[in-house]
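Observations on the model geometry
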Amino acid sequence: MRRPRSWLLLCALHGVASMLLWWTQPTTLEWMTWRSDEDLHFPWTLWTSAWVYQSTPQLIGHQLALGVLTAFAWVVRPPWTSTLAWFLAWPLAQASLLLWPQIGYAIGLSGVLHAGWAVLAVQLLQRRIEMPQAQRWGGLLLAGLVLKLGLERAWDHPVVWDSGNDRSLVQAAHLAGAVWGLCLGGLARWLPAVRWRARAPQPPAPPDETVHP
């Protein structure tokens, strides 16, 4: 059975784009950064802001987290419907940060990563991803996600100060990404699943044994 590649390609896009933007000029990063008072003027930042980083530890941490997500997806082989749900959650999670007026801007892959894990969790629970004990894995992922969000309490603390990395941490991005991932991952069950099966070679047609006078 051939592995669906759409999820892995999206993971590769996030990883490569984040690394490339890390080496770009600050003026370019300004054009790529989502800001709450400019989102209508620069709509592409709903996507590109996820690739912008200002801290090396943050970049490395998110790259490692993306690697874990990619490895897990390589094992479970999510269908294209999961990838579509994750892709749609990407800009919607960023746009949802407008619900918190105290958030001036947000960068990094944290919201996208939370959305990805949420999509996989709900798709496993619905058995849209074929693997042994799919519902158990989905339940574990969902429980871990809910526990993390519960400890962060982003609805009360959307932005906190990360003294270890000397920067602000937008926890609301985690919550928005997870919510959109769960919603869109659940809605993806109504899309047709595509079975990726290698075609078996067809036997040769029997010779024509018709007798002509």
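Coordinates for the structure precede this section.
Cut-offs and rules
- Residues numbered from 1 in each chain as written.
- Predicted model: local features only at pLDDT ≥ 70, side-chain atom pairs only at ≥ 80, totals over all residues.
- Heavy atoms only, no water.
- Axes fitted to C-alpha atoms, helices over the stretch in contact; angles between N-to-C directions.
- Helix = DSSP H or I, 4+ residues; strand = E, 2+ residues; numbered from the N terminus.
- Parallel < 35°, antiparallel > 145°, perpendicular 65-115°, else oblique.
- Contact = heavy atoms within 4.5 Å.
- Salt bridge = Lys/Arg side-chain N within 4 Å of Asp/Glu carboxyl O.
- Buried < 20%, exposed > 50% of the residue type's maximum accessible area, 1.4 Å probe, protein only.
- Expected span 1.5 Å × (residues − 1).
- Left-handed = near helix turned anticlockwise from the far one by under 90°.
- Nonpolar A, V, L, I, M, F, W, Y, C, P; charged D, E, K, R; others polar.
- Phe/Tyr/Trp six-rings, centres within 6.5 Å; stacked < 30°, edge-to-face > 60°.

Some thoughts on the packing of helix 1 (residues 6-22) against helix 5 (residues 80-95)
Here helix 1 crosses helix 5 at 30°, and the two axes come no closer than 8 Å. In terms of orientation, helix 1 and helix 5 fall into the roughly parallel class. Residues S6, W7, L10, C11, L13 and H14 of helix 1 form the contact with helix 5, whose own contacting residues are W80, S82, T83, W86, F87 and W90.

Re the pattern of salt bridges
Inspection of every chain in the model, using the stated rule, returns three salt bridges. Notably, a salt bridge pairs D156 with R153, separated by 2.8 Å at the nearest N-O pair. In this structure D156 comes out as partly exposed when scored by relative accessible area, which is 43%. R153 gets classed as partly exposed once you look at its relative accessible area, which sits at 39%.

Looking at helix 8 (residues 171-187)
Between its terminal C-alpha atoms helix 8 stretches 25 Å, which fits the 24 Å expected from 17 residues at 1.5 Å a residue. In terms of residue burial, helix 8 counts as a mostly covered element, since twelve of its 17 residues are buried. By the burial criterion, the buried members of helix 8 are Q171, A172, A173, H174, L175, A176, G177, A178, G181, L184, G185 and G186. Elements that come into contact with the buried residues of helix 8 comprise helix 5, helix 6 (110-125), helix 7 (134-152), strand 3 (159-162) and strand 4 (167-170).

Side note on the packing of helix 7 against helix 8
Contact geometry of helix 7 with helix 8 gives a least axis separation of 10 Å together with a crossing angle of 150°. Helix 8 is crossed by helix 7, and the crossing has left-handed handedness. For the pair helix 7 and helix 8, the contacting residues are L142, L145, K148, L149 and E152 in the first and Q171, H174, L175, A178 and L182 in the second. Residue classes in the contact of helix 7 with helix 8 are distributed as six nonpolar, two polar and two charged.

Re the packing of aromatic side chains
Inspection of every chain in the model, using the stated rule, returns eight aromatic pairs. On the numbers, 6.3 Å between centres and 10° between planes, the contact of W31 with W44 is stacked. You can see W31 sitting in helix 2 (residues 26-32) and its partner W44 sitting in the loop between strand 1 (34-35) and helix 3 (45-48), a full 13 residues away along the chain. Residue classification places W31 among the exposed positions, given a relative accessible area of 54%. With a centroid separation of 5.7 Å and an interplanar angle of 85°, the aromatic rings of F87 and W90 are classed as edge-to-face. With F87 and W90 both in helix 5 and three residues apart, this pair spans about one turn of that helix. Three or more aromatic residues link up through ring pairs in this structure, and these residues are W31, F42 and W44.

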